[in-house]
Amino acid sequence: MGWPFIGETISFFKPHRSDSIGTFLQQHVSRYGKVFKSNICGGKAIVSCEQELNMFILQNEGKLFTSDYPKAMHDILGEYSLLLVTGEVHRKLKNVIISFINLTKSKPEFLLCAENLSISMLASWKNCREIEFHNEAKMFTLSVMVNQLLSIKPEDPARRYVLQDFLSYMKGFISLPVPLPGTAYTDAIKARKRLSARVMEMIKSRENKEEEMNKALREEDFLDVIMSNEDLNYKEKVSIVLDILLGGFETSATLLSLVVYFLAKSPSLLQKLKEEHEAIRAKKGDGELLNWEDYQKMEFTQCAMSEALRCGNIVKTVHRKATHDIKFKEYVIPKGWKVFPIFTAVHLDPSLHENPFEFNPMRWTDKAKMNRKTTAFGGGVRVCPGGELGKLQIAFFLHHLVLSYRWQTKSDEMPIAHPYVEFKRGMLLEIDPTS
Ligand code: HEM
């Protein structure tokens, strides 16, 4: 169980390659088996690297288990964050987010926005030989999100401030909760306050009559939809906007970087991706934009994204607590103990996946079978509502990227679980325009 109070927290969260389970889990699994006891984040914990138990934990959310993020995260996320609320409030807020996602996916303006931003970002690299790809990917996904949510346009200086604040906000999650000036934790709380104030200001300004009249002159965005929902108070409205941005922009950017990273290591797979996109382009008129049907034709691209999620492990685990004494197979989980279902361990389990460390998109041809053996988007009532939306914008970006550039990563580049995935060299990419 490790040291008093801190237990094994530091070793559990120690950074490691995200396409591996890391030394802590390796040693513990070989010594104690796939399910073991520990002391993590200030409490007794069960760590599960077993697929069936992980599924059981996710499926029994609200019945036998509940979300249990550390207190420091509550201060950063705010009391109405979807990751923290439970029961009726969770259902109400999640329905609003699902409606955003369904509305956005089917909107031609969303596809147009994702594609135009991809084209303009790639054009801006015209004279570059090297780019920090992960930063560019974050700027791309954030631009798409803030455009759809808040009508912030790419040329608007607010976009950069929002990105800066979000990066500080994310850093705070993985920091020690030290409430002193200058610490990542304090910066994250300040960044959240600024972001909330910015969204609140937008709501207030839209509420005044003059702006009501301006609304007729601009396209409706999701903030308008949230504002018209009378069941939500102001704090809930602001929290929904932050949750969509928090849940959506960094995860999608990381997935884009992971696909580019794994493909750089495999020229034959990169060629396959290129052929798929050339075939789609060949059937379209000059400058004709992509649509939903084109996305559905991107079968190999979709397999590559799913495989990058499995190998790259954007979310290593989620935080849960047992609300009852639980017996599952030979395991006993006492009431009140923390529970960590480790997604990475299941994704890289050799008893579930042949050559688990090999990036092989073709294993996703049987999608239903693979979906039963992976949990990149969680599961149960807290399953991620945004996965498909994230993949859609990435597929559009990849379409233009693979048709415009060849790329290579540095030989020592690697994704690292921090626990959020970062790249050793920021995914420094050498690029070369195609003819
Ligand atoms: C593409 C990469 C993505 C990955 C790997 C990912 C992963 C996850 C995971 C594992 C969870 C479950 C957390 C838990 O059980 O505690 C989650 C929840 C969530 N995700 Fe995603 N996500 C992605 C994209 C998105 C996007 C694009 C959005 C928004 C547009 C989004 C919004 C959310 C929200 C709001 C939740 C909270 C759901 C709840 O508590 O019921 N995600 N995500």
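Bear in mind the structure is a predicted one, so any value in this text is a computation, not a measurement.

Draft legend 1. How the structure looks around the overall build of the protein. Of regular secondary structure, the protein possesses 18 helices and 13 strands. Structurally, the protein occupies a C-alpha span of about 60 × 55 × 40 Å along its principal axes. Across the 435 residues that make up the protein, the buried fraction comes to 54%. Summarising the internal contacts of the protein: among those between residues at least 6 apart in sequence, 72% fall at separations of at least 24. When the accessible surface of the protein is summed, it comes to about 20,200 Å², and 55% of that surface belongs to carbon and sulfur atoms.

Draft legend 2. Structural context of the packing of helix α12 (residues 234–264) against helix α18 (residues 387–404). Close contact between α12 and α18 brings their axes to 10 Å; oriented N to C, the two are set at 40 degrees. As summarised for this structure, α12 and α18 are arranged oblique, according to the angle between their axes. Where α12 crosses over α18, the handedness of that crossing is right-handed. Each of Ser 252, Leu 255, Leu 256, Val 259 and Val 260 in α12 lies in contact with α18, whose residues at this interface are Gly 390, Lys 391, Gln 393, Ile 394, Phe 397, Leu 398 and Leu 401. When the residues that make up the contact of α12 with α18 are grouped by side-chain class, the tally is eight nonpolar, three polar and one charged.

Draft legend 3. Just a nonpolar patch on the surface, in detail. Side chains of Trp 3, Phe 5, Ile 6 and Ile 10 sit close together on the surface and give an oily, nonpolar patch of about 540 Å² of accessible area. Inspection of the secondary structure puts Trp 3 in the segment before α1 (9–13). Among the residues examined, Trp 3 registers a relative accessible area of 63% and is labelled exposed.

Draft legend 4. Region of the structure containing helix α13 (residues 267–282). Taking 1.5 Å of rise per residue, the 16 residues of α13 would be expected to cover 22 Å, and the 22 Å separating its terminal C-alpha atoms lies within 8% of that figure. Of all the positions in α13, only Leu 269, Leu 270, Leu 273, Glu 276, His 277 and Ile 280 are classed as buried. Angular distribution of buried residues about the axis of α13 spans 120 degrees; they occupy a single face of the element. Residues Pro 267, Ser 268 and Ala 282 are exposed on α13 and point more than 90 degrees away from its buried face. Residues of α13 that are buried sit in contact with α12, α14 (292–297), α15 (299–312), α18 and β10 (405–409).

Draft legend 5. Looking closely at the environment of Tyr 405. Note that Tyr 405 resides in strand β10. C-alpha of Tyr 405 to C-alpha of Ile 326: the two residues are 79 residues apart in sequence and 53 Å apart in space. The residues contacting Tyr 405, other than those within four sequence positions of it, are Leu 122, Trp 125, Lys 126, Ile 431, Asp 432, Pro 433 and Thr 434. Of note is the side chain of Tyr 405, whose polar atom sits 2.8 Å from the backbone oxygen of Leu 122.

Draft legend 6. Highlighting the site of the ligand. Around the ligand, a shell composed of 26 residues is seen, among which Tyr 69, His 90, Lys 94, Arg 320 and Cys 384 lie nearest. Arg 382 is positioned with one of its side-chain polar atoms (N or O) 3.4 Å from an oxygen atom of the ligand. Here the shell around the ligand takes five residues from α12, the largest share from any one element. Each residue belonging to the shell around the ligand can be placed in one class, and the counts come to 15 nonpolar, eight polar and three charged.

Draft legend 7. Summary view of the UniProt feature "binding site: heme" (unreviewed entry) in the protein. Using the residue numbers shown here, the UniProt feature "binding site: heme" (unreviewed entry) corresponds to Cys 384. For Cys 384, a relative accessible area of 34% corresponds to the partly exposed category.

Draft legend 8. Spotlight on the sheet that holds strand β2 (residues 35–40). The strand order across the open sheet formed by five strands is β2-β3-β9-β6-β4, and the pairing between neighbours is mixed. If you trace the sheet from one side to the other, it starts and ends with β2 and β4 (65–67), each paired once. Geometrically, the sheet is characterised by an average inter-axis angle of 35 degrees between neighbouring strands, direction not taken into account. Summarising the sheet, strand β6 (residues 320–322) and strand β9 (residues 338–341) pair through two bridges and their orientation is antiparallel. Note that in β9 the partner of Arg 320 across the bridge is Val 339. With respect to the sheet, helix α2 (residues 22–32) is in contact with β2 and β3 (43–48), its orientation differing from that of β2 by roughly 130 degrees.

Draft legend 9. Highlighting the coordination of the iron atom of the ligand. One donor from the polypeptide reaches the iron atom of the ligand: Cys 384 (SG), at 2.3 Å. The topology assignment puts Cys 384 in the loop between α17 (367–372) and α18.

What counts and what doesn't
Residue numbers run consecutively from 1 along every chain, following the written order of its sequence. Two thresholds apply to this predicted model, a pLDDT of at least 70 for residue-level local features and 80 or more for giving and counting side-chain atom pairs, whereas whole-chain, interface and lining totals are computed over all residues. Side-chain figures throughout are based on the complete set of non-hydrogen atoms in the structure, without hydrogens or water. Numbering of helices and strands starts at the N terminus; helices are DSSP runs of H or I of at least 4 residues and strands are runs of E of at least 2. Whether a residue is buried, partly exposed or exposed follows from its accessible area with a 1.4 Å probe, protein chains only, as a fraction of its type maximum: under 20%, in between, or over 50%, in that order. Only heavy atoms matter for contacts: two residues are in contact if any of them lie within 4.5 Å across the pair. Methods summary: accessible areas were calculated by the Shrake-Rupley approach with a probe of 1.4 Å, and residue burial reflects only the protein chains presented. Where helices are involved, their axes are fitted lines through C-alpha atoms of the stretch in contact, as for all axes, and angles between N-to-C directions lie from 0 to 180°. When describing relative orientation, an angle under 35 degrees is termed roughly parallel and one over 145 degrees roughly antiparallel, while 65 to 115 degrees is termed roughly perpendicular and anything else oblique. Definitions for this section: a left-handed crossing has its near helix turned counterclockwise from the far helix by less than a right angle. A right-handed crossing has that turn clockwise. By the convention adopted, Pro, Cys, Tyr, Trp, Phe, Met, Ile, Leu, Val and Ala count as nonpolar, Lys, Arg, Asp and Glu as charged, and the other residues, Gly among them, as polar. What goes into a patch is any residue over 30% in relative accessible area without a salt bridge, connected to like charges within 9 Å or, for nonpolar side chains (Val, Leu, Ile, Met, Phe, Trp, Tyr), within 5 Å. Any Lys or Arg side-chain nitrogen found within 4 Å of a carboxyl oxygen on Asp or Glu counts as a salt bridge. Take the residue count of a helix, subtract one, and multiply by 1.5 Å to get its expected span. This arc is built from the directions going out from the helix axis to the C-beta atoms. Any pair of N or O atoms that falls within 3.5 Å is considered a polar contact. Within protein, one atom must be able to donate a hydrogen and the other to accept it, and sequence-neighbouring residues count only if both atoms are side-chain atoms. Near, as used in this document, describes a residue that has one of its heavy atoms within 4 Å of the molecule or strand being considered. UniProt positions are given in the numbering used here, feature names are shortened, and annotations may be inferred rather than shown by experiment. Strands are treated as partners if at least two bridges between them are detected by DSSP. Nitrogen, oxygen and sulfur within 2.8 Å of a metal are treated as its donors, or within 3.2 Å for sodium, potassium and calcium (Na, K, Ca); water is not counted, so a site can appear incomplete.

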